[in-house]
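Spelled out, the chains give:
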Amino acid sequence: MKAFRILSRNIRDALKSVCRNFSLSLASISCITITLIVVALSVILSFNVNNFATLVEKDVTIVAFLDLDITQDARQQVSDSIHKLDNIESITFQSKVEIAAEMMESSEIFKNIMSNWSEEESPIQDTYLVKVIDIEQIKKTADEIKKIEGVSVVKYGEGMVEQLISVFDIVRKITIGMVVALIIVTAFLITNTIKITIFSRKREIEIMRLVGASNINIKIPFLFEGLFLGILGSIIPIAITIYGYVALYTHFNGQMFSPFIKLIEPQPFVYLVSAFLLVVGIIVGMYGSFRAVKKYLKV
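Residues numbered from 1 in each chain as written. Predicted model: local features only at pLDDT ≥ 70, side-chain atom pairs only at ≥ 80, totals over all residues. Heavy atoms only, no water.

Turning our attention to the side chain of Ser46. Within the secondary structure layout, Ser46 lies in helix α2 (residues 22-59). Those residues within four positions of Ser46 in sequence are excluded, and the remaining contacts are Thr175, Ile176 and Val179. (Helix = DSSP H or I, 4+ residues; strand = E, 2+ residues; numbered from the N terminus. Contact = heavy atoms within 4.5 Å.)

Written as structure tokens, this is what we have:
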């Protein structure tokens, strides 16, 4: 019960302090708000870039062209051999008839040329469309498929796929680095802003020490004050994240520039980002208060 009274008193004192030093508190809240908005934009951009990269990687397919004169039994053996490989996620068979039908639907020129072909005359080959588990191992998997008897040619966009993987890795590292750097900058800015706030109350802290207050009793109200500053500074970034991203997603119909660049669905994404912003705001607010009291006022 005593601990609860002490806790409630510290919370009350922290709230009073925020209101009493409103101009300085407002400076800290503004600093937290601005930096968290930038962090929110970076996090949203980072996750959507990673989502786009993942979708592209999942869409990469190995196309295994089978011999023209392959029998049904041999075709099944090819399927079984591919299934036995380690990096296989799924296999889809596409017959020469299905491929021809798709080509004729896509172009009148193809339709005029191919409509007179019989199945025996068609130069089109049956194929297996193979999706892999690990995109970085796609070349190795393609080479293994190429060695299977009954497979004549294997294509997966070699060269371009490796470049895409390299670019996506660089983009992922850059976006993650940006988020981490912004969080560090946020902590630095907020710490310095709160230092000014606490330094202006140095005399108040000295009086508390003179009347016998322990270091812990002095620090705790300031920690709660940092917590409240972090929460207040997170409100606007969270609102912008939730309403802004939902409006963006709705306006562009869930995609940017083309159907290939799809945005992450708002729920539960915006709530996870909001929770992250709240946690970052609270942590940097409390950390800023703790560092300012401990290091600069020598409490």
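This brings us to the environment of Asp86. As for its position among the elements, Asp86 is in the loop between α3 (72-83) and β2 (88-94). Remark: the alpha-carbon pair of Asp86 and Ile133, spanning 47 residues in sequence, is separated by 8.8 Å.

In this section: helix α6 (residues 138-146). Within α6, burial applies to Ile138, Thr141, Ala142 and Ile145. Down the axis of α6, the buried side of the element spans an arc of 100°, and every buried residue falls inside it. (Buried < 20%, exposed > 50% of the residue type's maximum accessible area, 1.4 Å probe, protein only. Arc of directions from axis to C-beta.)

Below, the discussion takes up the sheet that holds strand β3 (residues 127-132). The pairing of strands in a sheet comes from backbone hydrogen bonds and takes either a parallel or an antiparallel form. Overall, antiparallel pairing links the 4 strands, which are arranged β2-β3-β1-β4 in an open sheet. Edge positions in the sheet fall to β2 and β4 (151-155), since each of these pairs with one other strand and no more. Here the average twist between neighbouring strands, direction ignored, is 20°. Where β2 lies against β3, 6 bridges are found, and the strand directions are antiparallel. Its bridge partner being in β3, Ile88 is matched across the sheet by Val132. Lying over the sheet, α3 contacts β1 (62-66), β2, β3 and β4, oriented at roughly 5° with respect to β3. (Pairing = 2+ DSSP bridges. Axes fitted to C-alpha atoms, helices over the stretch in contact; angles between N-to-C directions.)

Looking now at the packing of aromatic side chains. Summed over all chains, the structure comprises 3 aromatic pairs. One aromatic cluster is present, built from ring pairs that chain together Phe47, Tyr245 and Phe269. (Phe/Tyr/Trp six-rings, centres within 6.5 Å; stacked < 30°, edge-to-face > 60°.)

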